[in-house]
Amino acid sequence: MPSILVIEDKSAMQQMLAATLLSEGYEVDLASSGTEGIARAREKHYDLVLTDLKLPGADGLQVLSEVKESDPEASVIIMTAYATVENAVQAIKLGAFDFITKPFDTDRLSILIKRALENRRLVAENILLREELAQTIGLAEIIGRSERMRQATELVQKVAPSDTTVLLMGESGTGKELFARAIHHLSPRKDGPYVTINCAAIPRELLENELFGSERGAFTSSVARKMGKFEIAEQGTIFLDEVGDMDISLQAKLLRVLQEKRFERLGGTKTIEVNVRVIAASNMDLREAIVRRAFREDLFYRLSVFPITIPPLRDRRDDVPALADYFIQRFSMEMKKRPVKISREALALLDKYHWPGNVRELENTIERAIILCDGRTITPDHLAIRLATSNEIRLREGAGLKEVAAFAQAEAEKSLIKRILAQTRGNKRKTAEILKIDYTTLFEKLKKYGLQPSREVLEPENVVA
Ligand SMILES: Nc1ncnc2c1ncn2[C@@H]1O[C@H](COP(=O)(O)OP(=O)(O)OP(=O)(O)O)[C@@H](O)[C@H]1O
Ligand SMILES: [Mg+2]
């Protein structure tokens, strides 16, 4: 429940204000002079101070500067008669939220108070976001010196200072979110809000409400007016994550915001203009989504003014050791463990692995290894990755039918060859006979599947029944 301090010397007026605000559910304290008001504001935090301009003791302007000094986040509304409007204007310059001229009806006052409180919430939200942002260092946080990463970060540096819309593309876990933050951080908007919204995580109706806000009563459930993320991001950056998952009907509204920088809240008629830089990201192939008619082509062209593709980790293996090192240091520090090293075998395993979950998977793998590792060195035993799984996982992700068929055939061949080799105790000629293939074909297949009729093949657990 928001708390309000009312400073008013005329007792009838004071009582009327108290009754109105109490009936609206606010917590109300009263003061009859400027000095009393200042004393109270020093003792207690108020969300809002409603003060008369002309007061015995200290006047409204003094109250304002005192309140702002002890609590810069508090909103102050000044009540004034027509004769002193000039002073009220000065009050705004000194940081008052607004003023209201007497006589006024209580409805107007209520609306003004609601607006002031909403504004306070927003300010608080921005501060929070900014603090969160302050933790990022921008490009320094993006690890990777491979040629392909260097190209991508160079694009970030080039585009960041402008207001250009950026589309970040890349598989899950490649660092799209990291890049988006870096772009904001390197832009002139860095002190403005950075607002992110995940379009895939929220159902359509709610997403519209989240993005554009709503007027009171736009839904049966919406009691209060709600600010949308586009408004919250004013003067800053909005990051539309997983934009490919946005409902096609909502895409039209987004397109208009991108084109005209204006929109209406849900259930509202007033047009709201915004000054927001848009960064979008998608891990799905948007061109393919266009073909499926799941994504608007015109929106795609609006968003992809400046596309940046972040390559998957398997295409920039040079980055693996540096990333592993970085995560080892980070997690050892976070978990207050002695710094550990990584064995050559473990590093070789990381290097060979396919990384379907990209940097996120590497990050998780290292975190786990640090937890498991009691000694000073991470060994392959600490790494929860199996090289054999990499092909299977690659297959699960966006493989064509031909590839699936080829994979299935290879797996079937491999397992049969293994079985027969085990039966014949590694006799290749006999194996070829049983399989009704000639010896050279068998030889080629053994090479292709990395099956040497050694002990490994003959071990019973490797024999698939
Ligand atoms: N180059 C990098 N240097 C350091 N950390 C990175 C790098 N790339 C990614 N990460 C880390 O990997 C994790 C995944 O990155 P991020 O969340 O940015 O991926 P994403 O592309 O947004 O994935 P998704 O599509 O699944 O949302 C994060 O914890 C991020 O900090
Ligand atoms: Mg992401």
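Structure's up top.
Source: prediction; values computed, not measured.

Trainee: It is not clear to me how the overall build of the chain should be interpreted in this structure. Could you clarify?
Mentor: Within the chain one finds 20 helices and 14 strands. Within the chain, the proportion of its 465 residues that are buried is 31%. Within the chain, contacts between residues separated by at least 24 positions form 68% of all contacts whose residues are at least 6 apart in sequence.

Trainee: Explain the site of ligand 1 to me, please; I cannot follow it from the model alone.
Mentor: By nearness alone, 15 residues border ligand 1, and S172, G175, K176, E177 and V359 come closest of all. At the level of elements, helix 7 (176–185) and helix 15 (358–372) are the ones that each hand at least two residues to the shell around ligand 1. Of the residues contributing to the shell around ligand 1, the split by class is four nonpolar, seven polar and four charged. Per-domain counts for the shell around ligand 1 show at least three residues from each of domain 2 (148–309) and domain 3 (315–392).

Trainee: Is there a simple way to think about the sheet that holds strand 8 (residues 237–241) in this case?
Mentor: Each strand in a sheet pairs with its neighbour through backbone hydrogen bonds, running either in the same direction (parallel) or in the opposite one (antiparallel). Pairing within the open sheet is parallel, and its five strands lie in the order 7-8-11-6-12. The open sheet has two free edges, formed respectively by strand 7 (194–198) and strand 12 (306–309), since each of these has just one partner strand. Ignoring which end each strand starts from, the neighbouring axes of this sheet average 20° apart. Both strand 6 (residues 166–169) and strand 12 contribute to a ladder of four bridges, which runs parallel. Note on strand 12: the bridge partner recorded for V166 is F306.

Trainee: So what exactly am I meant to see when it comes to the pairing of strand 1 (residues 3–7) here?
Mentor: For a regular strand, the rule is simple: side chains alternate between the two faces of the sheet. Taking burial as the measure, the five residues of strand 1 include four buried ones, the bulk of the element. Two elements, strand 1 and strand 2 (residues 27–31), share five bridges in a ladder whose sense is parallel. Within strand 2, the residue paired with I4 across the bridge is V28. What joins strand 1 to strand 2 is helix 1 (residues 11–23), and the crossover it makes is right-handed. Where strand 1 lies against strand 3 (residues 48–52), four bridges are found, and the strand directions are parallel. Across the sheet, residue L5 finds its bridge partner in strand 3, namely V49.

Trainee: Teacher, can you tell me more about the sheet that holds strand 1 here?
Mentor: Strand order in this open sheet of five strands is 2-1-3-4-5, and the pairing throughout is parallel. The open sheet is flanked by strand 2 and strand 5 (98–102), the only strands paired with a single partner. Put simply, the sheet's adjacent strands are angled 20° from each other on average, direction ignored. The sheet contacts of helix 1 involve strand 1, strand 2 and strand 3, and relative to strand 2 the element is tilted by about 170°. Set on the sheet, helix 4 (residues 85–93) makes contact with strand 4 (75–81) and strand 5; between it and strand 4 the angle comes to about 170°.

Trainee: Help me out: how do you make sense of the pairing of strand 11 (residues 277–282) in this one?
Mentor: Most of strand 11 is tucked away: six of the six residues are buried. Along strand 11, one buried face is formed by R277, I279 and A281 and the opposite face, lined by V278, A280 and S282, is buried too. By the bridge criterion, four bridges tie strand 6 to strand 11 in an arrangement that is parallel. Bridge assignment links V166 to a residue of strand 11, and that residue is I279. Relative to strand 11, strand 8 is paired through four bridges, and the arrangement is parallel. Bridge pairing in strand 11 places F239 opposite I279.

Rules used throughout
- Residues numbered from 1 in each chain as written.
- Chains lettered and ligands numbered in written order.
- Predicted model: local features only at pLDDT ≥ 70, side-chain atom pairs only at ≥ 80, totals over all residues.
- Helix = DSSP H or I, 4+ residues; strand = E, 2+ residues; numbered from the N terminus.
- Buried ≥ 20, exposed ≤ 12 C-beta atoms within 10 Å, placed from the backbone.
- Contact = placed C-beta atoms within 7 Å.
- Near = placed C-beta within 6 Å.
- Nonpolar A, V, L, I, M, F, W, Y, C, P; charged D, E, K, R; others polar.
- Domains from an automatic or database assignment.
- Pairing = 2+ DSSP bridges.
- Axes fitted to C-alpha atoms, helices over the stretch in contact; angles between N-to-C directions.
- Right-handed = clockwise from strand over helix to strand, strands pointing away.

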